[in-house]
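Summary of structural features
Read off the chains here:
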Amino acid sequence: MTSKLSLTGKKWIIPEVLETNGEDLVKKLMANRGIDSSLEGELPDAFAFHDMQKAVDRIRSAIKSNESIGIFGDYDCDGVTSTLQLIRFFRRNSVEPHVRLPHRINDGYGLKSHIIDEFISKGTNLLITVDSGVGSVTEIKKAKDAGMDVIVTDHHHVGKHIPPAVAIIHPDFSDIPPPHPSGSGVVYHLLRALEDGVWDDMQTDEALAMLGMIADVMELKGFNRTLVKQGLNSIKKLTKGPLVELIRISGININYITSTDIGFRIAPRINAAGRMGDPMIALEALMDGGDAIKLIDNLNEIRQKQTEEFLNIAIEEISKAPSGPLLSIMHADFPQGIVGLIAGKLTEMTGKPSLVGREHDGMCTASLRSPRCYHITEGLERCSDLLQYFGGHAQAAGCSFRSDLFDQVSTRLAEDVSGNTEPDDLLPSIEIDATLPAESITLELIYKLRTLEPFGHGNREPVFLIQGAQMEYQKQVGSECNHLQTNIDGVKSIGFRLGHLIEHTNEPVDVVCRLGTDNWNGLTRPQIFVEDFRLSISVENRI
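First, a word on scope: everything that follows refers to the structure included in this document. Keep in mind that what you see is a predicted model, and the values were worked out from it rather than measured.

Taking 1.5 Å of rise per residue, the 12 residues of helix H13 (residues 339–350) would be expected to cover 16 Å, and the 17 Å separating its terminal C-alpha atoms lies within 8% of that figure. Every buried residue of H13 is listed here: Val-339, Gly-340, Ile-342, Ala-343, Leu-346 and Thr-347. Projected down its long axis, H13 shows its buried positions confined to an angular sector of 160°, all on one face. Buried residues belonging to H13 abut helix H12 (291–319), strand E7 (327–331), strand E8 (354–360) and strand E9 (363–369).

Further remarks concern the nonpolar core. If you look at the biggest cluster of nonpolar residues, it comprises 71 residues, and the most contacted ones within it are Ile-59, Leu-86, Phe-90, Leu-211 and Ile-270. Apart from the residues lying within four places of it in its own chain, the contact partners of Ile-59 are Phe-89, Phe-90, Leu-126, Ile-128, Ile-151, Leu-190 and Leu-194. By size, the runner-up hydrophobic cluster in this structure holds 31 residues, among which are Met-30, Ala-438, Leu-515 and Phe-533.

Let's shift gears to the pattern of salt bridges. For the structure shown, the criterion picks out 28 salt bridges. The partner of Arg-460 in a salt bridge is Asp-433, and the shortest N-O contact between them spans 2.9 Å. Of the two residues, Arg-460 sits in the loop between helix H16 (443–449) and strand E14 (464–469) while Asp-433 sits in the loop between strand E12 (429–431) and strand E13 (434–435), which places them 27 residues apart along the sequence. Taking relative accessible area as the criterion, Asp-433 reaches 14% and is therefore assigned buried. Salt bridges sharing common partners tie together Arg-88, Arg-92, Glu-195, Asp-201 and Asp-205.

In this section: the packing of aromatic side chains. By convention here, two paired aromatic rings are described through the distance between centres and the angle between planes. Summed over all chains, the structure comprises five aromatic pairs. Both rings, one in Tyr-75 and one in Tyr-109, keep their centres 6.3 Å apart while their planes meet at 70°; by these two values the pair is edge-to-face. With a gap of 34 residues between them, Tyr-75 in the loop between strand E2 (69–72) and helix H3 (77–92) and Tyr-109 in the loop between strand E3 (98–100) and helix H4 (113–121) connect regions that are remote in the sequence. Ring centres of Tyr-188 and Trp-199 lie 5.7 Å apart, and the angle between their planes is 55°; on these two criteria the pair is classed as tilted. On the criterion of sequence distance, the pair formed by Tyr-188 in helix H6 (residues 183–194) and Trp-199 in the loop between H6 and helix H7 (202–215) is long-range, its members being 11 residues apart. According to the relative accessible area criterion, Tyr-188 is buried, its value standing at 1%. These aromatic residues form a ring-pair network of at least three members: Tyr-75, Tyr-109 and Tyr-389.

This part is about the sheet that holds strand E11 (residues 396–402). With mixed pairing, five strands are arranged side by side in an open sheet as E7-E8-E9-E11-E10. Lying at the two open borders of the sheet, with one neighbouring strand each, are E7 and strand E10 (389–392). Recorded for the sheet is a direction-independent mean angle of 15° between the axes of neighbouring strands. Both E10 and E11 contribute to a ladder of four bridges, which runs antiparallel. When the bridges of E11 are listed, Gly-391 appears paired with Gly-398. Of the strands in this sheet, E7, E8 and E9 are in contact with H13, which crosses E8 at around 155°. Contacting E7, E8, E9 and E11, helix H15 (residues 406–420) crosses the sheet at an angle of about 165° to E7.

So, about unusual backbone geometry. In this chain, Pro-178 is followed by Pro-179 through a cis amide linkage whose omega measures 5°. Residue placement: Pro-179 occurs in the loop between strand E6 (167–169) and H6. Going from Glu-453 to Pro-454, the amide bond is cis rather than trans, its omega being 10°. Mapped onto the secondary structure, Pro-454 falls in the loop between H16 and E14. Of note in the backbone geometry, Asp-131 takes a positive phi value of approximately 55° without being a glycine. Secondary-structure assignment places Asp-131 in the loop between strand E4 (126–130) and helix H5 (137–145).

Criteria and cut-off values
- Residues numbered from 1 in each chain as written.
- Predicted model: local features only at pLDDT ≥ 70, side-chain atom pairs only at ≥ 80, totals over all residues.
- Heavy atoms only, no water.
- Helix = DSSP H or I, 4+ residues; strand = E, 2+ residues; numbered from the N terminus.
- Expected span 1.5 Å × (residues − 1).
- Buried < 20%, exposed > 50% of the residue type's maximum accessible area, 1.4 Å probe, protein only.
- Arc of directions from axis to C-beta.
- Contact = heavy atoms within 4.5 Å.
- Core = buried A, V, L, I, M, F, W, Y, C linked by side-chain atoms within 4.5 Å.
- Salt bridge = Lys/Arg side-chain N within 4 Å of Asp/Glu carboxyl O.
- Phe/Tyr/Trp six-rings, centres within 6.5 Å; stacked < 30°, edge-to-face > 60°.
- Pairing = 2+ DSSP bridges.
- Axes fitted to C-alpha atoms, helices over the stretch in contact; angles between N-to-C directions.

Structural data, given as structure tokens:
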């Protein structure tokens, strides 16, 4: 059921049945999320991918015949970690492949004709795409006509036409039940088939696959959950190498690294290279470490500052436009590398799908994000007559079109959103898992909740409702005093970016929160992380 909006304007989705007992609560959460722990522990047969045997045979033949092999990847974390897994495989077999990652500005997304020309000029006999290629029908036909064999490994939306590759390793063409892996997970299954199950330094490849899976926000259920858990266990066992360097510079204790650390601290640093510069920097960082690690760390700081700056510009301009079911903005000054981040922030803030584009040389290159109620890539497909390119997933996509068509694209897509959603769907919302009395928040409960990890899409960190809570010792903290620090029934609590609501904390409140620990002076205590709150229903009724 839903309730009135909170003090931050969010809709709360509260379950009808609420469990409060710690052990029963964990079991209930797992059942609600479709997680069956009895099925965990083994990955599917790698040959469940329909063309896997064709791919294995062709790659082994290329190695044996000393053919020229190329790898084409993508500029994000999933693409970089996919690419590196294949590089490591070929180097184990004394092969040095030609590697090409697209530059976000110079090349755009995906396999392009001029990139095929580059591989042709190098005499490439076999080209393997990772995290890309399933939509590159014309380009792969060009490669085939030039005498080049292509193996596609990808996980993106499959269109009406299939490229003429010698093998397509894609979850949609497999017997593996959903949810399906990202590009790095698909490549990891290819390695399992090529290596017959076990190989030297397998732990690093498991860790790389896990990084891409979390970064690409794959649903962490079924075999995806198994692979991510294995990858997290593997990364904790590493004692040296670039991944260890990256974890250290990110300020993370490798022995306690979590999926949240990966998603919010490791993946953004890898992505920063492709967003702010050249993705080859990230590839070098993960291969060799050293100065490249420091460089992606610096690029991530620049990315954070620019995202905040241009997000504020986007918010100001959108606020001047008439309200509708879609947020859309095009700006010549937006850096191409952060339009997706801006779109994600806008959708998170408003609950509406968003299109954020960069105008350059008469073209608009856009990133799109949407809430769960709307499949943004299917929406683009219904507007494809206006687009030069589109592709992506259910909640994240990209497209390009002539900039003079911006209003038409925005209007058509807005109409599509209206036709496929209800107005109440397009509100920022928080889905609550259960109600807890504050006195039940103990270290024992928090440790039991950790058995649900790894957290991510499809298995988010649990969110709880505390009703009629009394906040004490309230104060605004942080360099800009924008955070709210308080105690809730004796438990230390912090609400990030909620400092402006301090005036509402003298009355009993209903609090939506996550649970964690506070470690100080050798003591570990429960801590409440406040996500949102409202005046308690009893107070509202009295006013």
